[in-house]
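So the chains spell out like this:
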Amino acid sequence: MTKKEAQIRLRDLCANLRRHNYAYYVLADPSITDHEYDRLYNELVNIEALYPEYIERDSPTQKVGGSPLESFASIIHAVPMMSLDNTYSRDALAAFLTRVQKQLPDHLLGWTVEPKIDGVAVNLRYEHGKLVQGATRGDGTTGDDITNNLKTLRNLPFELDGEGGQLPSVLEVRGEVFMTKPGFLRLNTQRTRGGDEPFANPRNATAGSLKLLDPVIVAKRPLDIAIYGLGEVSPIPDYFPSKQSGLLQYFEDIGLPVPAKYWTCQDASSLFNILEKLEVLRHTLDYETDGAVIKLNDMHLREELGATAKAPRWAIAYKFPAEQAETRLKRIFVQVGRTGAITPVAELESVLVSGSKVSRATLHNADEIKRKDIREKDSVIIEKAGEIIPAVVHVVLEKRPKDSKIFEFPDTCPECQSKAVKFESSGTIGSIWRCPNTDCPAQVRGRLEHWCSRKAMDIEGGGTVLIDQLVAKGLALDVSELYHLKQEEIASLDRMGNKSAKKFMEGLAGSKSRDLWRVLFGLGILHVGSGVAKALAREYPSMHELMHCDVGNLVALEDVGETIARSVVDWFTDARNHHLIHRLEKVGLKMESILYQQRHIKTDNDLLHDTTWVLSGTLPSLSRKEASEKIEFAGGKVSGNVSKKTNFLLAGESAGSKLEKAKKLKIKVITEAQLLDWLEKGEG
């Protein structure tokens, strides 16, 4: 692989993995299996190891996936919630154990083994023994404030049992919210009887429940929690446990629920014996588990090992082999996306896998079909690792019908019959066929839906049901035409009505004030995801400035490579896109960048410009989100960890270990009152 090919492949992998992260962590609607995700992720790791100069700042290897939902307030985690590296291989697990031992050669290591509960990770903050805050993992740095929803959990105490004063002033614990198997079955029975769609699996049901805005409804869901780790502890008392096994016992002593089963061991042989027992035992547990979490028992030794940007070096998740099933592939058909990509899909005879029925599976692309020699009417093995969307593993060749035929991938678009064009892609994913006709109905529908989506222009009601009808009736064939629709036109469509039409029109009106990066992302420029859109909006003050950029200018930007730069320039070179921007501007859309102003235009307060801040403790009047927004608007950057690059620590009550570290590093510590005074007076 050449350097240029590696750079292109890295961009493709990062874009794909970010999309899958969003589907898994935020939408609770995974789009690929664990095995497929891990294959893509490991390929990314390997290429980045060969070409570290091309590692993107927001690469999935550098951060935890996901973004906080906009319907909840955001919370910055005092200690980042990291993800775990994982493996399905015993050899890889053994290599992990050996690697840790080599890094700690003078120590006899011990391990804890806990079931990997298939739920939703959360952080709980107790102050003086009382529950004050609960949040989702989010992107690892910032999560959603779901305190009220978590307070409905039956086994979660509002106040800890601190008899004898055995509680620090601030105690943050991490755990997994889950739904028991019996509870899940009861919930789905109730939903089916009420005419609602049943949930696909317990994890989706749990994630969906925690996203509800009404805690009264959440309280009716059969949710439980198990606590297994720590966030911020301040101050750290002398009596505090130094081992994971002691920590779990401590949690029990103060009234917190812990995993029903966990083990300790000293060597690899014992650890593998435990895994064998757990693989059998997991079917008797009352919750879903797809593996085990192995952690170094001694927490002091964990500090010596540290962590990568994404995961601790002292823990790993071992996943059990995926459940598989055999079924018949009835037919292969193709779908066309908003960028013109033509994707094959397998229609299957319905089969039960991991507790849910499966009738479709993605086949990725033409090369994947050819590599696995997948044909219609074949018997195929499918799997669902972690109860996610299925994948075709392989064909059962001995059962292949004698009259089977090799699938001929269409050379024309199934929607508009335009001649398809093949785009080569390096790596194992293969090449992509695209429809070159930008007026193709499938692409038009895709662009309109993307424009209305939550991460783009966030227009409520702009989903498939509405968009399909708008395109079919010729009412809107590009995004600018959405803004010329009349409420009565929308209300007259099937399954709409006045109430839905009014909400959609209000959503359109609200979208006119969205920041430039959302407009850029919403336009659906090839290779321009939300991260790239933000990078462009940070460097260009307006759409008009960006429209006249060249490839050289763009490649010089931190998050933009040659492929992306060329795609952006080509898009703006097209006269039709110039006209589209003009029409959007004419209907009142915002074409200036707030992100640019925050980064480049100094406020009167020069102190905050281009400085890094860390927040710790409880502030007198501001929430952490409010304080962060004030700092960022004044040109500062907020980080989760104190380091030599930190310029200021904003300290509140019970600031704890971050305050101590800041003092050691001689970092300036200020109060909320000082910050507000500086912002008001413009001096510090």
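Residues numbered from 1 in each chain as written. Predicted model: local features only at pLDDT ≥ 70, side-chain atom pairs only at ≥ 80, totals over all residues. Heavy atoms only, no water.

**Q** Can you help me understand the overall build of the chain in this one?
**A** Counting secondary structure elements, the chain contains 25 helices and 22 strands. Radius of gyration (C-alpha) of the chain: 26 Å, near the 26 Å computed for a compact globule of 684 residues. Considered along the principal axes of its C-alpha atoms, the chain spans approximately 75 × 75 × 55 Å. The buried share of the chain, reckoned over its 684 residues, is 51%. A sequence separation of at least 24 residues applies to 69% of the contacts in the chain between residues at least 6 apart. (Helix = DSSP H or I, 4+ residues; strand = E, 2+ residues; numbered from the N terminus. Rg over C-alpha atoms; globule rule 2.2 N^0.38 Å. Buried < 20%, exposed > 50% of the residue type's maximum accessible area, 1.4 Å probe, protein only. Contact = heavy atoms within 4.5 Å.)

**Q** Help me out: how do you make sense of empty space enclosed by the protein in this one?
**A** A water-sized probe, rolled over the atoms, reveals where empty space remains. In the structure shown here, the tally under the stated rule is three cavities of 30 Å³ or more. Considered as a void within the structure, the largest cavity measures approximately 50 Å³ in volume. Taken together, Thr-362, Leu-363, His-364, Glu-368, Lys-372, Ile-374, Ala-391 and Val-392 make up the full set of residues lining the largest cavity. Residue assignment for the lining of the largest cavity shows that the elements contributing at least two residues are α11 (366-372) and β16 (391-395). Looking at the lining of the largest cavity residue by residue, the classes come out as four nonpolar, two polar and two charged. (1 Å grid on protein atoms, 1.4 Å probe; cavity = no way out; pocket = protein on both sides within 12 Å on 5 of 7 lines; lining within 4 Å. Points joined across faces, edges and corners; volume = space filled by probe spheres on them. Nonpolar A, V, L, I, M, F, W, Y, C, P; charged D, E, K, R; others polar.)

**Q** Even after reading the chapter, I still don't get the nonpolar core, so can you show me in this structure?
**A** If you look at soluble globular proteins, the nonpolar side chains tend to sit buried side by side. In this structure, Trp-451, Leu-482, Tyr-483, Leu-523, Met-543 and Leu-554 are the most contacted members of the largest nonpolar core, which totals 57 residues. With six residues, helix α20 (residues 562-573) is the largest single contributor of residues to this core. Setting aside residues up to four positions removed in sequence, Leu-523 forms contacts with Trp-451, Met-543, Trp-571, Leu-580, Ile-581 and Leu-584. (Core = buried A, V, L, I, M, F, W, Y, C linked by side-chain atoms within 4.5 Å.)

**Q** Looking at this structure, how should I read the pairing of strand β5 (residues 130-136)?
**A** In the case of a regular strand, side chains alternate between the two sheet surfaces. Of the pairings in the sheet, the one linking strand β4 (residues 120-127) to β5 comprises six bridges and is antiparallel in character. Considered in β5, the bridge of Arg-125 is made with Gln-133. The turn linking β4 back onto β5 is made up of two residues, and His-128 within it adopts a positive phi angle of 55°. (Pairing = 2+ DSSP bridges.)

**Q** It is not clear to me how the confidence of the model for the chain should be interpreted in this structure. Could you clarify?
**A** Low pLDDT means the predicted coordinates in that region are not meant to be read closely. Here the chain shows a mean pLDDT of 86. Residues at 70 or above account for 90%. Every residue in residues 425-429 is under pLDDT 50, and counting partners more than four places away or in other chains gives 16 contacts. (pLDDT = per-residue confidence, 0-100.)

**Q** Any chance you could explain unusual backbone geometry here in plain terms?
**A** Glycine aside, residues mostly have negative phi angles, and peptide bonds mostly take the trans form. Along the chain, Ser-234 connects to Pro-235 via a cis peptide bond; the corresponding omega equals -15°. Along the chain, Pro-235 falls in the loop between β8 (223-234) and α8 (244-253). Here the phi dihedral of His-128 falls at roughly 55°; this positive angle occurs in a residue that is not glycine. The topology assignment puts His-128 in the loop between β4 and β5.

**Q** Looking at this model, I keep getting lost on the side chain of Thr-611. Mind explaining?
**A** Inspection of the secondary structure puts Thr-611 in the loop between α22 (594-600) and β19 (612-616). Side-chain polar atoms of Thr-611 contact the side chain of Trp-613, separated by 2.8 Å. Ignoring any residue separated from it by four or fewer positions in sequence, one finds Thr-611 in contact with Gly-635, Gly-636, Lys-637, Asn-647 and Phe-648. (Polar contact = N/O pair within 3.5 Å; in protein donor to acceptor, adjacent residues only side chain to side chain.)

**Q** Quick question: what am I supposed to make of the packing of aromatic side chains here?
**A** Each aromatic ring pair is described using two quantities: the centre-to-centre distance and the angle formed by the ring planes. In total, this model carries 11 aromatic pairs according to the counting rule given. Plain terms: the ring middles of Tyr-318 and Phe-320 are 6.0 Å apart, the flat faces sit at 85° to each other, and that makes the pair edge-to-face. A relative accessible area of 3% means that Phe-320 is categorised as buried. Through a chain of ring-to-ring contacts, the aromatic side chains of Phe-240, Tyr-250 and Phe-251 assemble into a single cluster. Above the face of the Trp-517 ring, Lys-534 is positioned so that its terminal group lies 4.6 Å from the ring centre. (Phe/Tyr/Trp six-rings, centres within 6.5 Å; stacked < 30°, edge-to-face > 60°. Lys NZ or Arg CZ within 6 Å of the ring centre and 35° of its normal.)

**Q** Just checking my understanding: could you explain the environment of Thr-206 for this structure?
**A** For Thr-206, the location among the structural elements is in helix α6 (residues 202-210). C-alpha separation for the pair Thr-206 and Gly-119, spaced 87 residues apart in sequence, amounts to 6.7 Å. Those residues in contact with Thr-206 that lie beyond four places of it in its chain are Val-120, Val-177, Phe-178, Met-179 and Leu-223.

**Q** Hey, could you run me through the pairing of strand β13 (residues 341-353) in this one?
**A** Pairing of strand β12 (residues 323-336) with β13, which is carried by seven bridges, proceeds in the antiparallel orientation. Its bridge partner lying in β13, Ile-332 is registered against Ala-346. The turn linking β12 back onto β13 is made up of four residues, and Gly-340 within it adopts a positive phi angle of 90°. Two elements, β13 and strand β18 (residues 432-434), share two bridges in a ladder whose sense is antiparallel.

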